[in-house]
Amino acid sequence: MSKQYVIALDQGTTSSRAVLIDHEARMVDFVQRPFTQIYPKPGWVEHNPQEILFSQLGSLAELLAKHNLTEANIAAIGIDNQRETTIVWDPSTGQPIANAIVWQCRRTADLVERLCGDPKTTAMIRKKTGLLPDAYFSASKVAWLLDHVEGARARAEAGELLFGTVDTYLIWVLTGGLVHATDPTNASRTMLYNIHEGCWDDELLQLFNIPASMMPEVRPSSGSFGETSYPGIPAGIPICGVAGDQQASLFGQCCFAPGQAKNTYGTGCFLLMHTGADAVASQNQLVTTIAASGPNVGHTEYALEGSVFVGGAVMQWVRDELGLIRTAAESEALAAEVEDTGGVYIVPAFTGLGAPWWNSEARGTISGITRGTNRSHLVRAALESIAYQVSDLVHAMEADAHRPIEVLNVDGGASANNLLMQFQADILDRTLRRPQNIETTALGAAFLAGLGAGFWTSTDELRALRSSDDVFAPKMDRERADELLYGWAKAVHRTIG
Ligand code: ADP
């Protein structure tokens, strides 16, 4: 039988999924398995790598069994993963030397400040990696493991330990220890990779005291990462696509060309704009990162990336802390009961404000309340706060890239909210496109794998497969939109003040 499917291993922060995708790019089915979040101390976050592995390979095995699939049916596997999360293991036993340090973990904040705090080092890191030095990225996490796990440094220096982000660890295990590799999108989030030269950077490895022998080979996002060779999984399925989750979603949204952009409305929001062969340096403290490319592109492609810390999370707060709604989805009907917020603004600066304000001291505010303010106004203000923050980010990114985002592709849980999407289009004065399949992350991994395996032949073919989108065109009178934006800017200034 001919090969009918591609499987995406969608390895997220709270769960692992195996997603079955057919030749028409439809999501046929998926199996999802959650795993434990480990919080050893305030601000620390860990995962057990074995548990990640079993949740991911378990969901893969279950998906295959459920549909009676063998290696003969699967053209390729693609992997998209939570980025930056760091694993160090011993290849002779396959055993990790400690739990994975998760991207959210703040344990190395002091170390980063000590090693990278001076302006010269910050500038050097920014120039080489496109990142702003932070504990978020993998570099300091690897250093921490080598310094705190007994005997680890000596073993690493003797070439006895390997480093990987989650993609790398999965590939290594799935290929029976044959392939130790990652892709440029994941490498670009380690703060050890020179995004211009396309190599691990000796100066950065020295700064963090990490032996080069631990580092994985960096292979193109779409191409060969070996074949499955693991008990319980059909042997010989090629792994042909790898990308970090946000870059996978950019690719899954068919943003293949400069100026094309997507925003994911999840717990936080992630805005990425493809910038082609240009590694655009931000003036607004956005980061420059590597975009996933299909085969035969022939040069590195880049993206600008920015995030909103509190996106959909503001609706969780409205639900759990204020008790105004029972489900996030309920917010849409409630907000629609009123025409506007009646001048109420919620600025959800729970942990400070990100781009373009960058104020870590700011704390949230609710302003403009009158005797007539009711539940619907507040819920609407919370929803609108997501759109205002994204609007600020879009403008910062457009200023950096010196080009407009003409159409914003959207996905993520909160993009299901039509009122929010219409308001976003109105405030931005841009058209939004929401694909029928908002699982763009898994789709991106599948696309990369399918292109790598020849299951699909070109990005043009993928673009043609894109299901019909929901389109949100701006409808609001410009004067009204400007008035609302002015009110938001005032509310933000009150928050900072
Ligand atoms: P993540 O991948 O970050 O866990 P999801 O993409 O699953 O997030 O999106 C979940 C987030 O979106 C939650 O913060 C939730 O409050 C919000 N959300 C989900 N559905 C809606 C909705 N219909 N309207 C507004 N917010 C929503």
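Analysis parameters
- Residues numbered from 1 in each chain as written.
- Predicted model: local features only at pLDDT ≥ 70, side-chain atom pairs only at ≥ 80, totals over all residues.
- Heavy atoms only, no water.
- Phe/Tyr/Trp six-rings, centres within 6.5 Å; stacked < 30°, edge-to-face > 60°.
- Helix = DSSP H or I, 4+ residues; strand = E, 2+ residues; numbered from the N terminus.
- Buried < 20%, exposed > 50% of the residue type's maximum accessible area, 1.4 Å probe, protein only.
- 1 Å grid on protein atoms, 1.4 Å probe; cavity = no way out; pocket = protein on both sides within 12 Å on 5 of 7 lines; lining within 4 Å.
- Points joined across faces, edges and corners; volume = space filled by probe spheres on them.
- Nonpolar A, V, L, I, M, F, W, Y, C, P; charged D, E, K, R; others polar.
- Contact = heavy atoms within 4.5 Å.
- Polar contact = N/O pair within 3.5 Å; in protein donor to acceptor, adjacent residues only side chain to side chain.
- Axes fitted to C-alpha atoms, helices over the stretch in contact; angles between N-to-C directions.
- Parallel < 35°, antiparallel > 145°, perpendicular 65-115°, else oblique.
- Left-handed = near helix turned anticlockwise from the far one by under 90°.
- Pairing = 2+ DSSP bridges.

Chemist: Whenever I open this one, the packing of aromatic side chains confuses me. Can you help?
Modeler: Remark: the centre distance and the inter-plane angle together describe each pair of aromatic rings, the angle taken between the planes. In the structure shown here, the tally under the stated rule is 14 aromatic pairs. Aromatic side chains Trp89 and Tyr169 sit 5.1 Å apart centroid to centroid with 65° between the ring planes, which places their arrangement in the edge-to-face category. Of the two residues, Trp89 sits in strand E6 (residues 87-90) while Tyr169 sits in helix H6 (residues 166-174), which places them 80 residues apart along the sequence. There is no split in this pair, since Trp89 and Tyr169 are both buried. An aromatic cluster is defined as three or more aromatic residues linked by ring pairs; in this entry it consists of Tyr345, Tyr388, Phe423 and Trp488.

Chemist: Any chance you could explain empty space enclosed by the protein here in plain terms?
Modeler: The method is simple in principle: a probe with the dimensions of a water molecule rolls over the atoms, and the space it marks as empty is what remains. Applying the stated criterion across every chain, the model contains 1 cavity of 30 Å³ or more. Size it by volume and the largest cavity reaches roughly 110 Å³. Taken together, 14 residues make up the lining of the largest cavity; nearest its centre are Val308, Leu353, Gly354, Ala355 and Gln389. Elements represented by at least two residues in the lining of the largest cavity include exactly strand E18 (302-308) and helix H12 (375-401). Here the lining of the largest cavity is composed, by residue class, of 9 nonpolar, 4 polar and 1 charged.

Chemist: Whenever I open this one, the environment of Tyr345 confuses me. Can you help?
Modeler: Along the chain, Tyr345 turns up in strand E19 (residues 345-347). Given the relative accessible area of 10%, Tyr345 is considered buried. The sequence separation of Tyr345 and Gly298 amounts to 47 residues, and the corresponding C-alpha distance is 48 Å. Non-local contacts of Tyr345, meaning those with residues more than four positions away in its chain, are made with Thr365, Ile366, Ser367, Tyr388, Glu483, Leu484, Gly487, Trp488 and Ala491. In terms of polar contacts, Tyr345 uses its side chain to reach the backbone carbonyl oxygen of Leu484, at 2.7 Å.

Chemist: Is there a simple way to think about the packing of helix H10 (residues 313-320) against H12 in this case?
Modeler: For any two helices packed against each other, one specifies the inter-axial angle together with the distance between the axes. Running from N to C, H10 and H12 cross one another at 160°; their axes reach a closest spacing of 9 Å. When the interaxial angle is binned, H10 and H12 end up roughly antiparallel. Our pair here, H10 against H12, has a crossing hand that is right-handed. Facing H10, whose interface residues are Val314, Met315 and Val318, H12 presents Val379, Ala382, Leu383, Ser385 and Ile386. In terms of residue class, the contact of H10 with H12 is made up of 7 nonpolar, 1 polar and no charged.

Chemist: Would you mind going over the sheet that holds strand E17 (residues 287-290) with me for this structure?
Modeler: Consider a sheet: its strands pair through backbone hydrogen bonds, and that pairing is either parallel or antiparallel. If you trace the 7 strands from one edge of the open sheet to the other, you get E17-E18-E16-E15-E21-E22-E23, paired in mixed fashion. At either end of the open sheet lies a strand with only one pairing partner, and these are E17 and strand E23 (470-472). Across this sheet, the average inter-strand angle for adjacent strands is 30°, counted without regard to direction. The pairing of strand E22 (residues 431-434) with E23 spans 3 bridges and is classified as antiparallel.

Chemist: Before we go on, may I ask you to explain the pairing of strand E3 (residues 27-34) in this structure?
Modeler: Sheet faces and side chains relate simply in a regular strand, where the side chains alternate between the two faces. Pairing analysis gives 7 bridges linking strand E2 (residues 15-22) to E3, with the strands arranged antiparallel. Across the sheet, the residue bridging to Ile21 is Met27, located in E3. Hairpin connection, E2 to E3: the antiparallel pair is bridged by 4 residues, and Ala25 has positive phi, about 65°.

Chemist: Help me understand the sheet that holds strand E7 (residues 95-96) in this model?
Modeler: A sheet is described by the order of its strands in space; here 3 strands give the open sequence E7-E6-E9, paired in antiparallel fashion. The open sheet has two edge strands with one neighbour each: E7 and strand E9 (162-164). Packing against the sheet, H6 makes contact with E6, E7 and E9, and its axis sits at approximately 30° to E6.

On their own, these measurements won't tell you what the molecule is for.
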